[in-house]
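Examination of the molecular architecture
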Amino acid sequence: MQDVESIVERALAEFDRSGDAAQLENAKARFLGKSGELTALLKALGALAPAERRSAGALINAAKERIEAALAARRAALAGAGLEARLAEEALDVTLPGRQRGRGSIHPLIRSWQRVEAIFRSIGFDVADGPEIETDWYNFTALNNPENHPARSMQDTFYVDGRDEKDLPLLLRTHTSPMQVRYARMHSPPLKVIVPGRCYRVDSDATHSPMFHQVEGLWIDEHISFADLKGVYTDFLRRFFESDDLAVRFRPSFFPFTEPSAEIDVAFQNGPLEGKWLEISGAGQVHPDVVRNFGLDAERYIGFAFGSGIERLTMLRYGINDLRLFFDGDLRFLKQFA
Ligand code: PHE
């Protein structure tokens, strides 16, 4: 029975060489499977004489046990190695420094927005928010801008699909002024409010963006005058720019919803823009027709409104010369305000 010894040797050698479970199971089949070598010997026992059959059977069974033991040992070894490999592969070095997460910061325009809110709150103004999709009526008609009036074309407009409940066109608001009317209709005088928010116009160059920010101001009571506008706005500018060293000028202008109307200019007394007049805001005494659209008695209530560009305020405060920088999302620019 030399055969048996050689089968055991070869089986053990093949098991050793098997690098993974699949190879090992194939090797097992070659020796212990249905048509395996050892199985073939067992089948051949029947042809032997009874005396021989006995000793040969014992020999083969002993061989089978050795092969099975070797198989079990190899299986365990391979399973252990697999686990080791996975552990090594998935090893976590807890001493490595963490992955850095960039820290965000507040956008310069939002910084200005917050400053404006804080300053006006401190002198008793309410802060309101309004819809960016506005009706034709609030954006134009209620502000003394009749249908088909050429003044509408000063603010070339983005119209949107759909109509309001009175079947009037809807548009992206071109200024924050429609909130004068909305707010006035929801509150009773005295009205003292600012409305910061986004506006939209068909405009795009170094100082205009199709989406931009304004802050509307409105103060209506029984005796609010242009002098109050001058006082409030000058004080606001000094606080916003943290400088008493600036001059403010009210230059006659036209808006359908104010009479008289003015453009507010500011000039710094020092720095790179020294002595240059810069336009910062539209303003004026609210037109009596608009006061009537507020639902108020225009003989009794009077006051002022202004609408200032937040981009413009921010550019002057930080010395930024191209408005498009605000919307490019370039971190080299934005990080300077972190
Ligand atoms: N809404 C005007 C504009 O966008 C600015 C303005 C507001 C003027 C309030 C007067 C009063 O140009």
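Just above, that's the structure.
Values in this document were obtained by computation on a predicted structure and should not be read as measured data.

Quick look at the pattern of salt bridges
Across all of its chains, the model carries 17 salt bridges by this definition. When the shortest N-O distance is used, the salt bridge between Glu-14 and Arg-30 registers 2.4 Å. With Glu-14 in helix H1 (residues 2-17) and Arg-30 in helix H2 (residues 21-32), this residue pair connects regions lying 16 residues apart in the sequence. Among the ionic contacts, a cluster of salt bridges with common partners joins Arg-249, Arg-251, Asp-265 and Glu-279.

Observations regarding the packing of helix H5 (residues 108-122) against helix H10 (residues 310-318)
Contact geometry of H5 with H10 gives a least axis separation of 9 Å together with a crossing angle of 100 degrees. It follows that H5 is roughly perpendicular to H10 by the angle criterion. For the pair formed by H5 and H10, the contact residues are Pro-108, Leu-109, Arg-111, Ser-112, Trp-113, Arg-115 and Val-116 on the first element and Ile-310, Glu-311, Leu-313, Thr-314, Arg-317 and Tyr-318 on the second. Across the contact of H5 with H10, the residue classes break down as seven nonpolar, two polar and four charged.

Some remarks on the site of the ligand
Surrounding the ligand, one finds 14 residues, the nearest of these being His-175, Ser-177, Arg-201, Gln-214 and Gly-307. For the ligand, a nitrogen atom lies 2.9 Å from a polar atom in the side chain of His-175. Within the complex, the protein chains bury 93% of what would otherwise be the 320 Å² of accessible surface of the ligand. Of all the secondary-structure elements, those providing two or more residues to the shell around the ligand are strand E6 (211-221), strand E9 (278-286) and strand E10 (302-309). No other element matches the three residues that E10 contributes to the shell around the ligand. Classifying every residue of the shell around the ligand gives five nonpolar, seven polar and two charged.

Side note on the nonpolar core
Among the nonpolar cores identified, the biggest contains 39 residues, and Phe-236, Leu-237, Phe-241 and Ile-280 are the most heavily contacted of them. Among the elements that line this core, the one with the most residues is helix H8 (residues 226-240), at six residues. Here Phe-236 is in contact with Val-116, Ile-119, Phe-120 and Leu-313, once residues within four sequence places are set aside. The next biggest cluster of nonpolar side chains, apart from the first, holds 23 residues, and it includes Ala-142, Tyr-183, Leu-191 and Val-291.

So, the packing of helix H3 (residues 37-44) against helix H4 (residues 50-89)
H4 packs onto H3 with a crossing angle of 160 degrees between their chain directions and a minimal axis gap of 11 Å. Accordingly, the angle class assigned to the pair H3 and H4 is roughly antiparallel. Note on packing geometry: the crossing formed by H3 with H4 is left-handed. On H4, the residues that touch Leu-38, Leu-41 and Leu-42 of H3 are Ile-60, Ala-63, Lys-64 and Ile-67. Class assignment for the residues of the contact of H3 with H4 results in six nonpolar, no polar and one charged.

Concerning the sheet that holds strand E3 (residues 159-163)
Taken together, three strands build an open sheet; the order of strands is E2-E4-E3 and the sheet is antiparallel. The open sheet has two free edges, formed respectively by strand E2 (133-135) and E3, since each of these has just one partner strand. Neighbouring strand axes in the sheet, compared pairwise and without regard to direction, differ in orientation by 35 degrees on average.

Structural notes on unusual backbone geometry
Apart from glycine, the bulk of residues carry a negative phi angle, and the bulk of peptide bonds sit in the trans form. Residue Pro-190 follows Pro-189 across a cis peptide bond; omega there is 0 degrees. Here Pro-190 is to be found in the loop between helix H7 (178-186) and strand E5 (191-200). With an omega of 0 degrees, the peptide bond running from Glu-259 to Pro-260 counts as cis. Positionally, Pro-260 belongs in strand E8 (residues 258-268). With a phi close to 65 degrees, Asn-148 is a non-glycine residue in the positive phi region. For Asn-148, a relative accessible area of 76% corresponds to the exposed category. Positive phi outside glycine occurs at Glu-242, with the angle close to 50 degrees. Along the polypeptide, Glu-242 turns up in the loop between H8 and strand E7 (246-255). The class of Glu-242 is exposed, set by a relative accessible area of 58%.

Basis of the calculations
- Counting restarts for each chain, with residues numbered from 1 along the sequence as it is written.
- Only residues with pLDDT of at least 70 get local features here, since the model is predicted, and only at 80 or more are side-chain atom pairs given and counted; chain-wide, interface and lining totals rely on the full set of residues.
- Note that the side-chain values use all heavy atoms of the structure and ignore hydrogens as well as water.
- Salt bridges are identified by distance alone: a Lys or Arg side-chain nitrogen within 4 Å of an Asp or Glu carboxyl oxygen.
- The helix count covers DSSP runs of H or I at least four residues long, the strand count covers runs of E at least two residues long, and both are numbered beginning at the N terminus.
- The angle between two axes is taken between their N-to-C directions and runs from 0 to 180 degrees, where each axis is a line fitted to C-alpha atoms and a helix contributes only its stretch in contact.
- Note on angle classes: values under 35 degrees are labelled roughly parallel, values over 145 roughly antiparallel, values of 65 to 115 roughly perpendicular, and the remainder oblique.
- For this analysis, residues touch if any pair of their heavy atoms sits within 4.5 Å.
- Throughout this entry, Asp, Glu, Lys and Arg are counted as charged residues, while Ala, Val, Leu, Ile, Met, Phe, Trp, Tyr, Cys and Pro are counted as nonpolar. The remaining residues, Gly among them, count as polar.
- Here a residue counts as near a molecule or strand whenever at least one of its heavy atoms sits within 4 Å of it.
- N or O atoms closer than or at 3.5 Å make up a polar contact, with two conditions inside protein: a donor-capable atom paired with an acceptor-capable one, and, for residues adjacent in sequence, both atoms drawn from side chains.
- Only the protein chains shown count as cover for residues, and all accessible areas are computed by the Shrake-Rupley method using a 1.4 Å probe.
- Among the buried residues, those of types Ala, Val, Leu, Ile, Met, Phe, Trp, Tyr and Cys that are joined through side-chain atoms within 4.5 Å form a nonpolar core.
- Working definition: with a 1.4 Å probe on protein chains only, accessible area under 20% of the residue-type maximum means buried, over 50% means exposed, and in between means partly exposed.
- A clockwise turn of the near helix away from the far one marks a right-handed crossing, whereas an anticlockwise turn of less than a right angle marks a left-handed crossing.
- A pair of strands is considered paired only if DSSP assigns at least 2 bridges between the two.

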